[in-house]
Amino acid sequence: MTDPNKPDEPALDDDWAAAMAEQTSASSTSVEDDPWAAALAEQAEAAPQVTHTPASDSVFKPLDKGAPNGTMRDLEMIMNIPVKLTVELGRTRITIKQLLELAQGSVVELEGLAGEPMDILINGYLIAQGEVVVVDDKYGIRITEIITPSERVQKLNR
């Protein structure tokens, strides 16, 4: 369609028709003319045929739901895995300047209050709270509360 205000310009419909005709004639080329098509065909021929076979019982042990002895044996495997237990008195935030001013005998004020239960962490995750005890001139911790999963989420928000 030609624009009546610009009679000297060729019609846009004619340009589109010519481009579509050119594309149609180019798409009818053979695989030998198109290097990408040839490479994809070659790759498809060279790809190994994969067949899926189910794993046998020798690869994976069958899961026995009614075997309590197997469960105990599985638990015994993890009983000797070491974990890091940390007891946290409290936390605070200080500036680098305050950190550099620390010396022997300096007192750092913590957010925790005196007499407040201390957090017991396993591998950095809060699992319980407890209080300090002294047994034979050694410090220890008495667990006073095990943290439930919902309480753990609330503690993360503080």
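If you're wondering where the values come from, they're calculated on a predicted model, not measured in any experiment.

S.K.: Would you take a moment to explain the overall build of the protein chain for this structure?
M.R.: From N to C terminus, the protein chain includes 5 helices and 4 strands. Secondary structure elements of the protein chain, listed N to C terminal, follow the sequence α-α-α-β-α-β-β-β-α. For the protein chain, with 158 residues in total, the buried portion stands at 8%. Of the roughly 14700 Å² of accessible surface on the protein chain, 58% is carried by carbon and sulfur atoms.

S.K.: Please explain the environment of isoleucine 141 as it appears in this structure.
M.R.: The topology assignment puts isoleucine 141 in strand 4 (residues 138-146). Looking at isoleucine 141, the relative accessible area reads 27%, which means it is partly exposed. Sequence separation between isoleucine 141 and glutamine 129 is 12 residues, and the spatial gap between their C-alpha atoms is 9.1 Å. Those residues in contact with isoleucine 141, other than ones at most four positions away along the chain, are Val87, Met118, Ile120, Gly130, Glu131 and Val133.

S.K.: Teacher, can you tell me more about the side chain of glutamate 88 here?
M.R.: Residue placement: glutamate 88 occurs in strand 1 (residues 85-88). Of note is the side chain of glutamate 88, whose polar atom sits 3.0 Å from the side chain of arginine 91. Those residues in contact with glutamate 88 that sit more than four places away from it in its chain are Met118, Asp119 and Leu121.

S.K.: How do you make sense of the pattern of salt bridges when you look at a structure like this?
M.R.: Close approach of charged atoms lets side chains of opposite charge pair. Overall, the coordinates contain 2 salt bridges when judged by the stated rule. As a salt-bridge pair, arginine 91 and glutamate 88 come within 3.0 Å of each other at their nearest N and O atoms. Judged by its relative accessible area of 53%, arginine 91 is exposed. Across the pair arginine 142 and glutamate 131 runs a salt bridge whose closest N-O atoms are separated by 2.7 Å. Within this pair, whereas arginine 142 is found in strand 4, its partner glutamate 131 is found in strand 3 (residues 125-135), the two being separated by 11 residues in sequence. Residue classification places glutamate 131 among the partly exposed positions, given a relative accessible area of 36%.

S.K.: What am I meant to see in a nonpolar patch on the surface here?
M.R.: On the surface, a nonpolar cluster with roughly 880 Å² of combined accessible area is contributed by Leu89, Ile94, Leu99, Leu102, Val108, Leu110, Val132, Val134 and Tyr139. Here tyrosine 139 is to be found in strand 4. For tyrosine 139, a relative accessible area of 74% translates into the label exposed.

S.K.: Would you mind going over the sheet that holds strand 2 (residues 118-122) with me for this structure?
M.R.: Strands in a sheet are paired, the pairing made by backbone hydrogen bonds, and the direction either parallel or antiparallel. The antiparallel open sheet is built from 4 strands, whose spatial order is 1-2-3-4. Of all strands in the sheet, those bounded by a partner on one side alone are strand 1 and strand 4. For this sheet, the mean angle separating the axes of adjacent strands, direction not counted, is 40°.

Cut-offs used in this document
Residues numbered from 1 in each chain as written. Predicted model: local features only at pLDDT ≥ 70, side-chain atom pairs only at ≥ 80, totals over all residues. Heavy atoms only, no water. Helix = DSSP H or I, 4+ residues; strand = E, 2+ residues; numbered from the N terminus. Buried < 20%, exposed > 50% of the residue type's maximum accessible area, 1.4 Å probe, protein only. Areas by Shrake-Rupley, 256 points an atom, 1.4 Å probe, with all protein chains shown as cover. Contact = heavy atoms within 4.5 Å. Polar contact = N/O pair within 3.5 Å; in protein donor to acceptor, adjacent residues only side chain to side chain. Salt bridge = Lys/Arg side-chain N within 4 Å of Asp/Glu carboxyl O. Patch = residues over 30% accessible without salt bridge, like charges linked within 9 Å, V, L, I, M, F, W, Y side chains within 5 Å. Pairing = 2+ DSSP bridges. Axes fitted to C-alpha atoms, helices over the stretch in contact; angles between N-to-C directions.

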